[in-house]
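# Observations on the model geometry
Below, each chain spelled out in residue letters.
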Amino acid sequence: MVKKALFLRDQDNTCVLEPLIKCCRQEQFEVEEYNQPQEHEALKSLLPSTPAVLFVPAIEEDCRGVKLAQDALNEKLPRVIVLYAPSMPSREFLCLAFKEGVDDIISLDADTETLNSKLKRVDHMLQARLDSVDAGGQGQQKMKSLHLRCEQLECKNAKWEERLLALSSTATRMATGQLKLAESAPSVLIVASSNSQASSAAELCRRLGFNTHLAHTGKDGLGQISKNPPRIILTDGTLPDMNATAFAPAARKALGDKPVVIIAWSSSPEAEDTLLAPDAGIDDFVLKSTTSEGTGLLAAALLGGLR
């Protein structure tokens, strides 16, 4: 990034700035020079909108040099404020200047080596402030990322709580005799393109007490819905002829006002957010898995659908 050095010349041009300007250019600063504005407020129009070192005349009368520095600092940009004078100002003025935020004061009667040393220090201060701003920006980005992650976890936690409540409701109905799977055998429709996966899910449903029906395409599934309205539908996330997000609304339309719980079944965990979008018409999501844990989660989703 280009380093800028902006010089405000004193109104009487009593300060010889050329040696200092030469040293600035040797330190790779892009130099800009302006006459000190007559109107105090006009200073703001001269200030660059980028980080810079500002060289301001150290005018002791009415503390004008300090006031100019204050205006520059109020812009809240990474800047280094340096006052300059033909010779070092009074101690009282120095104390006031540093108290009000001036970073350094340069006496123009110093030799070239001293001026170079001063400018290297000024350059380091500017770089440190730029690094600080960059670190703050990265910190803000990390905060945003953590906030987004927190929101995602809250959504997932809410979904798990909903599943637990549904399963608890079914368990209560079974325990009190309101729901007797051996007698009622609620209907479940499994729509899956894979014969082996469909058969595995059907076997689990039969063991749980469901009356099970199979379909391998969305069109076939919709046809079966019209003949035998299911209480629960377990559908692949992607079917040979349509996606679950297209199949679910069509299934609900075919069922009319008949209640149904639609569970999406997919091997892609990344598909959960899409499948459970509010307008997808899908109630739950189960990740395909051949492990006992995966089987347990599928069983819980199926039983929870009877809530």
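### Some words on the pattern of salt bridges
Across all of its chains, the model carries 16 salt bridges by this definition. Across the salt bridge formed by R129 and D103, the nearest N and O atoms sit 2.4 Å from each other. Of this pair, R129 sits in helix α5 (residues 112-175) while D103 sits in the loop between α4 (91-99) and β5 (104-107), and the two are 26 residues apart along the sequence. Members of the salt-bridge network, linked through shared partners, are K156, R163, E272 and D284.

### Concerning the sheet that holds strand β3 (residues 52-57)
Strands pair in a sheet through their backbones, by hydrogen bonds, and they do so in one of two ways: parallel or antiparallel. Across the sheet, five strands lie side by side as β2-β1-β3-β4-β5; this open sheet has parallel pairing. The strands lining the two open edges of the sheet, one partner per strand, are β2 (29-35) and β5. Looking at each pair of strands side by side, their axes are set apart by 25° on average, direction ignored. Two strands pair when backbone bridges link them, and strand β1 (residues 3-9) and β2 are joined in this way by seven bridges, in the parallel orientation. Its bridge partner being in β2, R9 is matched across the sheet by N35. On top of the sheet, α4 reaches β4 (79-85) and β5; it is set at about 140° to β5, its chief contact.

### A short note on the packing of helix α7 (residues 195-208) against helix α11 (residues 292-304)
At a minimum axis separation of 11 Å, α7 and α11 run at an interaxial angle of 55°. For the element pair α7 / α11, the angle class is oblique. In terms of crossing hand, the pair formed by α7 and α11 is right-handed. Facing α7, whose interface residues are A201, L204, C205 and L208, α11 presents T295, L298, A299, L302 and L303. Among the residues making up the contact of α7 with α11, the classes are represented as eight nonpolar, one polar and no charged.

### A look at the confidence of the model for the protein
Per-residue confidence for the protein averages 85 on the pLDDT scale, and 89% of its residues sit at or above 70. Of all secondary-structure elements in the protein, the lowest mean pLDDT belongs to helix α2 (residues 43-46), at 67, while strand β8 (residues 232-236) reaches the highest, 95.

### Points about the packing of aromatic side chains
Counted under the stated rule, the structure contains one aromatic pair. With 4.3 Å between their ring centres and 5° between their planes, F7 and F55 make a pair best called stacked. On the criterion of sequence distance, the pair formed by F7 in strand β1 and F55 in strand β3 is long-range, its members being 48 residues apart. For the pair F7 and F55, a shared accessibility class is recorded, and that class is buried.

### Topic: the side chain of D10
Within the element layout of this structure, D10 appears in the loop between β1 and α1 (18-26). Not counting the four nearest positions on each side in its chain, D10 is found in contact with C15, Q36, P57 and Y84.

### Examining helix α9 (residues 244-255)
With 12 residues, α9 ought to run about 16 Å at 1.5 Å a step, and its terminal C-alpha atoms sit 16 Å apart, in line with that. Inspection of α9 places A244, F247, A248, A251 and L255 among the buried residues, and these make up the whole buried set. Looking down the long axis of α9, one finds its buried residues gathered within 100° of arc, a one-sided arrangement. On its buried face, α9 sits against β6 (187-191), α8 (218-227), β8, β9 (261-266) and α10 (272-275). The positive-phi residue at the C-terminal boundary of α9 is G256, with phi of around 65°.

Cut-off values and rules
Residues numbered from 1 in each chain as written. Predicted model: local features only at pLDDT ≥ 70, side-chain atom pairs only at ≥ 80, totals over all residues. Heavy atoms only, no water. Salt bridge = Lys/Arg side-chain N within 4 Å of Asp/Glu carboxyl O. Helix = DSSP H or I, 4+ residues; strand = E, 2+ residues; numbered from the N terminus. Pairing = 2+ DSSP bridges. Axes fitted to C-alpha atoms, helices over the stretch in contact; angles between N-to-C directions. Contact = heavy atoms within 4.5 Å. Parallel < 35°, antiparallel > 145°, perpendicular 65-115°, else oblique. Left-handed = near helix turned anticlockwise from the far one by under 90°. Nonpolar A, V, L, I, M, F, W, Y, C, P; charged D, E, K, R; others polar. pLDDT = per-residue confidence, 0-100. Phe/Tyr/Trp six-rings, centres within 6.5 Å; stacked < 30°, edge-to-face > 60°. Buried < 20%, exposed > 50% of the residue type's maximum accessible area, 1.4 Å probe, protein only. Expected span 1.5 Å × (residues − 1). Arc of directions from axis to C-beta.

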